[in-house]
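A structural walkthrough
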Amino acid sequence: MKGNNNKTENQLLVIFGATGDLNKRKLMPSLYALDVLNLLPEKLAIVGSGRTVLTDEEFRHSMIVAIREFSKEKDLSKVEAFASRLFYQTVNPSKVDDFQILNKRLESLREQLEIGSQNIIFYLSTPPSLYEIIPQGLAAAGLNNEEKGWKRLIVEKPFGYDLEGAEKLNTSLQKNWNEEQIFRIDHYLGKETVQNVMVTRFSNGIFEPLWNRNFIHHVEITSAENFGVGQRGGYYEGSGALRDMVQNHLLQLVSLIAMEPPASIDANAIRNETVKVLQSLRPISEDKVGSVAIRGQYVESQIQGAHIKGYREEAGVDPASKTETFAALKFYIDNWRWGGVPFYIRTGKHLPTKVTEAVIHFKPTPHHLFAQKGSCDTCNQLIIRIQPDEGILIRFAMKTPGAGFRVENVSMDFHYSDLSNVRIPDAYERLLLDSMTGDSTLYARIDAVMAAWKFIAPIQNAWKNNPEIPVYGYPAGSWGPDVADNLIEEPEMTWRHPCAALTSDENFCKL
Ligand code: BG6
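In this text, all values refer to a predicted model and were calculated from it rather than measured experimentally.

Quick word on the overall build of the chain
Scanning the chain from N- to C-terminus turns up 13 helices and 17 strands. Its C-alpha radius of gyration of 24 Å places the chain within 12% of the 24 Å reference for a compact globule of 511 residues. Seen along its three principal axes, the alpha-carbon backbone of the chain occupies a region of about 80 × 50 × 50 Å. Every one of the 511 residues in the chain was classed for burial, and the buried ones make up 55%. Across the chain, contacts joining residues at least 24 apart in sequence account for 77% of those joining residues at least 6 apart. Within the structure as shown, the chain displays about 22,700 Å² of accessible surface, and the carbon and sulfur contribution to it stands at 53%.

In C-alpha cells:
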C-alpha cells in the first residue's frame, strides 16, 4: 500500500466496542495486515475496551481467533506476535471514574512500552448511542488534551440519523474536540477503486476534457447486494437504504465523480472540492419526492430453488415495516460543469448480485452516419467498477468486418486482477493507517456530512410523513421495483444490469 509518506509516530490506539463485530471482522484483520506490511508504528499499544470484563490474555485469544477467521492474509504466522501488542481495559461509559482508570492504564502502558509522547487514537466502534457519552467521558478525564501528544477521535457511521441529529451530535463533539481531531469514517472513501476515480480523472488528459455537460448524457451509479439484512434487522429498521448507503457512501462517490480538479492533493484542497458538489445538489422539494425517489422492500421469493424470506419476516423487523431496502434517485447538480445532466443512483439489498459501479454515459454523435446494430443512443460508456472485479471498461463502436458499414459495440477493459503482483487492501487498512499519520483526506469533513444530510432531508421527511408514496415490493433476487426503471425517462434507456464480472455484455451474467 502506498500513498502515505508521513512517518507513523509511536502511539496508542484505543478501540471502544472491542468485542463487537466490526472490530473482529474489519479492524483487527486490517491492523494485522498493516503489521505484516511493516506499516504500523514501531511502538504501538492497541487497547480494546468495552463493558465486558476481560483480561489481556482473554482479549488476545479472541482477537487471534477473529484474525484467523476473517483475515485475507496468506501469512498468518505472525498473528501471535501481533497479538502481543494487544491489551484490554474494561470501561463502562456511564461511569465517569472508568475513564480516569483508562487514563492511568494508558499512562502505564506508555511507560512500560516506552512509547514516548502521549499520542492516542480513540476509535468508536460502538452503537451510535455512545457517540456522545464516550467522547465526553474521555474529555472529562483530560484525554482530549493535546499538550503532550495529539489525540484523535474516529467516529463510525451513522453520523446522526437526520440533519438535526447530525447537528446535535456535532455540537456535542465540538464542545471538547476540534474538527482536526475528529475523523468521520466512510469506509467507501478507503476503497482503492474509489480513490482511483480521482486518479483516472486527473492524471489522464483524455477524460477530463469530456467530463462535463457538453459530452456526458447521464451518470448512473449502482451499489447492489445479493443478500438481505441477516442479523442486522434491528439496526436496519431504524436506518433503511437511504441512510445506510445513499447519505454517505453513494453521495461521497458522486462527489468524487463530479468534483472540480483540486489545486493539490492536500486533504483540505480535496475536501474543499468534494463539498462543493454536495452543496450544489439541486434540492428536491417534498412534493416532488414521489416522482424522483423510489423506495422498495424485498418480498419473499425463490432463488435457485431456495426460499428467501421477505424483509418483513426477518428477525428484528416490524411485520408492517415501511423501511426501504431499495432506494433509487434522480437528481441534478446545479453548477456549470453539470447543468442539465441527470444523475441516477440506486442501492438495494437482495438484488441479483453484489456489485458497485459508476457508469458515465456519453452523448451520441450528432449525426448517425452508419446503421448501428441494435438501438444505442449512448454507445460510449465508461464503467468504473468499484467492486468486485475492480477495474475500468470503455465501450465504443467499431466496424464489423465485411461488406458495407455495419457497426457494433465493443469494449476495452482493465481489471486490477490482471496485475498479479498487486493486492487490493481492505478500505479499513488505508483508513486506519491514515488516521495514525493524521491524514484526513479520506475522512468525511463536517460540512460534507451536513450537506449530504440536507439533501436527503426532504426525501426522509416525505417518506416518513406521506403514506401515499408507495413502498414497492420487489422479489428478492430481482433488480428492484420495475417502477425504478421509469426514473430514466429517455426512451429505450434503462439501468445497466451488471454482473459480478466486469463486462459490457449483460447477457453473459452468471449470477
Ligand atoms: C455499510 C452498510 O456501511 O456498508 C451495510 O451499513 C452495507 O448495510 C455495507 O452492507 C456495504 O459495504 P461494502 O464495502 O460491502 O460495499
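After that view, the rundown keeps rolling.
Some thoughts on the sheet that holds strand β4 (residues 120-124)
Hydrogen bonds between backbone groups are what pair the strands of a sheet, and the pairing can be parallel or antiparallel. The strand order β3-β2-β1-β4-β5-β6 describes an open sheet built from six strands, whose pairing is parallel. In this open sheet, the two edge strands, each paired with only one partner strand, are β3 (86-90) and β6 (182-184). On average, adjacent strands in this sheet sit at an angle of 20 degrees to one another, irrespective of strand direction. Note that strand β1 (residues 11-16) and β4 share five bridges and pair parallel. Residue pairing across strands places L13 opposite I121, the latter belonging to β4. Against the sheet, helix α1 (residues 21-36) contacts β1, β2 (44-50), β3 and β4, and its axis sits at roughly 165 degrees relative to β1.

Considerations on the pattern of salt bridges
This model, assessed by the stated rule, comprises 25 salt bridges. Ionic pairing is found between D21 and R25, a salt bridge with its closest N-O pair at 3.1 Å. Placement of the pair is D21 and R25 together in helix α1, with a separation of four residues, close to one helical turn. Close ionic contact of R423 with E429 constitutes a salt bridge, the shortest N to O distance being 2.9 Å.

Observations regarding the packing of helix α4 (residues 96-112) against helix α5 (residues 133-140)
Contact geometry of α4 with α5 gives a least axis separation of 8 Å together with a crossing angle of 60 degrees. Considering the angle they form, α4 stands oblique to α5. Seen from above, α4 lies across α5 with right-handed handedness. In this structure, α4 uses F99, Q100 and L102 to contact α5, whose residues at the interface are I133, I134, G137, L138 and A140. Classifying every residue of the contact of α4 with α5 by side-chain character gives six nonpolar, two polar and no charged.

Considerations on helix α2 (residues 56-70)
In a regular helix each residue adds 1.5 Å, so 15 residues correspond to 21 Å; α2 covers 21 Å between its end C-alpha atoms and thus fits that length. Within the span of α2, buried status applies to D56, F59, R60, M63, I64, A66 and I67. Considered in projection along α2, the buried side chains sweep an arc of 165 degrees and stay on one side of the axis. Counted as exposed and oriented over 90 degrees from the buried face of α2: E57, H61 and E69. Buried residues along α2 sit against α1, β2, α3 (79-83), β3 and α4.

Structural notes on the pairing of strand β14 (residues 381-387)
A large share of β14 lies buried, amounting to seven of its seven residues. Judged from the six bridges that link them, strand β13 (residues 355-362) and β14 form a sheet pairing that is antiparallel. Counterpart to A358 in the pairing with β14 is I384. Judged from the five bridges that link them, β14 and strand β15 (residues 391-399) form a sheet pairing that is antiparallel. Bridge pairing in β15 places I383 opposite L393.

Considering the packing of helix α9 (residues 240-258) against helix α10 (residues 267-279)
At a closest axis distance of 8 Å, the pairing of α9 and α10 adopts a crossing angle of 110 degrees. One way to sum up the angle between α9 and α10 is to call them roughly perpendicular. As α9 packs across α10, the resulting crossing turns out to be right-handed. Only T274, V277 and L278 of α10 make contact with α9, whose side of the interface consists of L251, V254, S255, L256 and A258.

Parameters and conventions
- Residues numbered from 1 in each chain as written.
- Predicted model: local features only at pLDDT ≥ 70, side-chain atom pairs only at ≥ 80, totals over all residues.
- Heavy atoms only, no water.
- Helix = DSSP H or I, 4+ residues; strand = E, 2+ residues; numbered from the N terminus.
- Rg over C-alpha atoms; globule rule 2.2 N^0.38 Å.
- Buried < 20%, exposed > 50% of the residue type's maximum accessible area, 1.4 Å probe, protein only.
- Contact = heavy atoms within 4.5 Å.
- Areas by Shrake-Rupley, 256 points an atom, 1.4 Å probe, with all protein chains shown as cover.
- Pairing = 2+ DSSP bridges.
- Axes fitted to C-alpha atoms, helices over the stretch in contact; angles between N-to-C directions.
- Salt bridge = Lys/Arg side-chain N within 4 Å of Asp/Glu carboxyl O.
- Parallel < 35°, antiparallel > 145°, perpendicular 65-115°, else oblique.
- Left-handed = near helix turned anticlockwise from the far one by under 90°.
- Nonpolar A, V, L, I, M, F, W, Y, C, P; charged D, E, K, R; others polar.
- Expected span 1.5 Å × (residues − 1).
- Arc of directions from axis to C-beta.

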